[in-house]
Amino acid sequence: LVLALMPTILDGIRATKSPELKAAALMVACALAKKTTLSPSVVSTLLDIVPRYARFDAAHVTLLALAAICASQTPERISDGGYDALLRFKDLPSLLASLAEQVDVRPLMAVILPKAVERVAEERGDGAVGASALLRSLITTVPLHHQVNLLADLITTACLRLEREHGPRS
């Protein structure tokens, strides 16, 4: 049943001319995520499509939908495209901090933080400054509660990967 509904739901999320259809599709996607176990590919698709087709004036709703999906499923990661789409929201860390006052954002942060750390590890020059500033802002603005271990593990893994790829830095 879910497989039969997903194309219609995704079309609704992609709808650009009907905010009501988009909102309804997001609600159905969140309800399905809460009531059923979605396949990893469906979860991955949702984490990619929802932010890509988000309305800029509905950033809070988009992040709320992503938080609901992440809380009820076990996503592995967010795609580059989905992450880049989130970065289009003005002041993402503040939006997430505001959302954290209403819902548990830890599952969503567990998806966002690995990509943020990965970007810092990959970037060079001005890109590295922007990626590190965003990561720093995420860490200092969004309540991470018990995710310090996750963050430490992500940073350590990224540093080890960089050292393997580029040699030790002084």
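Residues numbered from 1 in each chain as written. Predicted model: local features only at pLDDT ≥ 70, side-chain atom pairs only at ≥ 80, totals over all residues. Heavy atoms only, no water.

Draft legend 1. Inspection of the state of the cysteines at higher detail. For the structure on display, the rule yields 0 disulfides. Free of any disulfide, Cys 30 has its nearest neighbouring cysteine sulfur in Cys 70, separated by 10.0 Å. Its relative accessible area of 17% is what places Cys 30 among the buried residues. In this structure Cys 70 comes out as buried when scored by relative accessible area, which is 3%. (Disulfide = S-S within 2.5 Å. Buried < 20%, exposed > 50% of the residue type's maximum accessible area, 1.4 Å probe, protein only.)

Draft legend 2. Structural detail: the packing of helix H1 (residues 2-14) against helix H2 (residues 19-35). The interhelical angle for the contact between H1 and H2, taken along N-to-C directions, is 145°, at an axis separation of 7 Å. When the axes of H1 and H2 are compared, the crossing they make is left-handed. For the pair H1 and H2, the contacting residues are Val 2, Leu 5, Met 6, Ile 9, Gly 12, Ile 13 and Arg 14 in the first and Leu 21, Lys 22, Ala 25, Leu 26, Val 28, Ala 29 and Leu 32 in the second. Residue classes in the contact of H1 with H2 are distributed as 11 nonpolar, 1 polar and 2 charged. (Axes fitted to C-alpha atoms, helices over the stretch in contact; angles between N-to-C directions. Helix = DSSP H or I, 4+ residues; strand = E, 2+ residues; numbered from the N terminus. Left-handed = near helix turned anticlockwise from the far one by under 90°. Contact = heavy atoms within 4.5 Å. Nonpolar A, V, L, I, M, F, W, Y, C, P; charged D, E, K, R; others polar.)

Draft legend 3. Quick peek at the nonpolar core. In this structure, Ile 13, Leu 46, Leu 63, Leu 96 and Leu 138 are the most contacted members of the largest nonpolar core, which totals 50 residues. Excluding residues within four positions of it along the chain, Leu 63 makes contact with Leu 86, Phe 89, Leu 92, Leu 95, Leu 96, Leu 99 and Leu 108. (Core = buried A, V, L, I, M, F, W, Y, C linked by side-chain atoms within 4.5 Å.)

Draft legend 4. Seen up close, the pattern of salt bridges. Applying the stated criterion to the full structure yields 9 salt bridges. A salt bridge links Asp 11 to Arg 14; its shortest N-O distance comes to 3.4 Å. With Asp 11 and Arg 14 both in helix H1 and 3 residues apart, this pair spans about one turn of that helix. For Asp 84, the salt bridge is made with Arg 119, and the minimal N-O distance between the two is 2.7 Å. Taken together, the residues Asp 84 in helix H5 (residues 80-87) and Arg 119 in helix H7 (residues 106-122) connect sequence positions 35 residues apart. (Salt bridge = Lys/Arg side-chain N within 4 Å of Asp/Glu carboxyl O.)

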